[in-house]
Amino acid sequence: MSLQEPHLFGKVAVLFGGSSAEREVSLMSGAGVLQALRSRGVDAHAFDPSERDLTDLKREGFARCFVALHGRHGEDGTVQGALELLGIPYTGSGVMASSVAMDKVMTKRIWQADGLPTPKYVRLAFDQQSREQVMVVPDVLGLPLIVKPPREGSSIGVTKVEGYSQMQDAVALSAKFDADVLCEEFIDGEEVTCAVLGQGLDARALPVVRIAAPEGAYDYQNKYFTDDVKYQCPSGLPEAEEREIQRITLAAYHTLGCRGWGRADVMIRASDRKPFLLEMNTSPGMTSHSLVPMSARAAGIPYEELCVRVLASASLDARGGAN
């Protein structure tokens, strides 16, 4: 599919909004994508699945979908499965990779099985959250540690626990968003992120972005609604470190079966500069603050071209490749 012939994409739906806790971020992402695609001559239309039935996509003749949904019912394989049944190619990973990557515990299990570095963790299922079970977690992981819902994003419901007395409240907060709770070893060091574009052997890691948040608080507010977080891209990391982060990110992407595009969040441990994979985002943010557009710009890909490239990669599991 030529990027110079936008009419060949046909009628395109930009799916954004949705019903997850990340709806507000998705609305910002989708608005940016919609404007970018239209500026390149694509016949793109807004479509909010929380307000319209997905079968309208087929009825109204949409040829492909750009998925700018984040979180549940958008990034977790459910919308992808519906689009498979409708036969409408879509951007990003397929049903299985989307579903697995949305669950940070399942993701970590797969990465560990393939020997990829990820922080140690304890999963507290819904029936394993008694005071006694919660209070022994720091004995296993040490302090400080991170408590978060395994199936949310955008740092929603996340707590950095400094002492035993904080554990109960941290687990209670996380449990508001997910029945299970993920407790994770805290990696003291620098946070970076690395994006991937493409599929199979054509997939390429983009330049690494280094993140410097005020007092290390890279939370929901700082991610999307302040300019307090500083980003470096090029990262300024030693070349060998940058290459290693790109290597494990590509390996993490392939191991999960991702396609189209994605973005891994990584911590570099200060003590020995070892990188640890935190999670894989299969429908990354596309807001003005977002990191994939920033990384793409450093690689010489403007925002509008990035959106068109991602759209061009839209496919179906059933067809095994780009449409």
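Shown above is the structure to which this text applies.
A quick note: this is a predicted structure, and the numbers were derived from the prediction, not measured.

Okay, the nonpolar core next. If you look at the biggest cluster of nonpolar residues, it comprises 27 residues, and the most contacted ones within it are Val14, Val33, Leu37, Phe66, Leu306 and Cys307. Mapped by element, the contributors of at least two residues to this core are β1 (11-15), α1 (23-39), β8 (189-197), α11 (291-298) and α12 (303-312). Tallying contributions element by element places α12 first for this core, with seven residues. Excluding anything up to four places from it in sequence, phenylalanine 66 contacts Val12, Ala13, Val14, Leu15, Val33, Leu37, Thr91, Trp261, Cys307, Val310 and Leu311. Counting residues in hydrophobic clusters, the runner-up holds 22 residues, among them Ala97, Trp111, Val192 and Ala264.

Looking now at the environment of valine 95. Along the chain, valine 95 turns up in helix α4 (residues 95-102). The sequence separation of valine 95 and aspartate 317 amounts to 222 residues, and the corresponding C-alpha distance is 7.6 Å. Residue contacts for valine 95: discarding those within four places in its chain leaves Gly77, Gln80, Gly81, Glu84, Tyr90 and Asp317.

Right, let's get into the sheet that holds strand β3 (residues 64-67). Taken in spatial order, the three strands of this open sheet run β2-β1-β3, and their pairing is parallel. Each of the sheet's edge strands pairs with one partner strand only, and the pair in question is β2 (43-47) and β3. The sheet shows a mean angle of 30 degrees between the axes of neighbouring strands, taken without regard to direction. Relative to β2, β1 runs parallel, the two being bridged by five bridges. What sits directly across from leucine 15, in β2, is phenylalanine 47. Against the sheet, α12 makes contact with β1 and β3, and its axis sits at roughly 125 degrees relative to β3, the strand it touches most.

The rules behind these values
- Residues numbered from 1 in each chain as written.
- Predicted model: local features only at pLDDT ≥ 70, side-chain atom pairs only at ≥ 80, totals over all residues.
- Heavy atoms only, no water.
- Core = buried A, V, L, I, M, F, W, Y, C linked by side-chain atoms within 4.5 Å.
- Buried < 20%, exposed > 50% of the residue type's maximum accessible area, 1.4 Å probe, protein only.
- Helix = DSSP H or I, 4+ residues; strand = E, 2+ residues; numbered from the N terminus.
- Contact = heavy atoms within 4.5 Å.
- Pairing = 2+ DSSP bridges.
- Axes fitted to C-alpha atoms, helices over the stretch in contact; angles between N-to-C directions.

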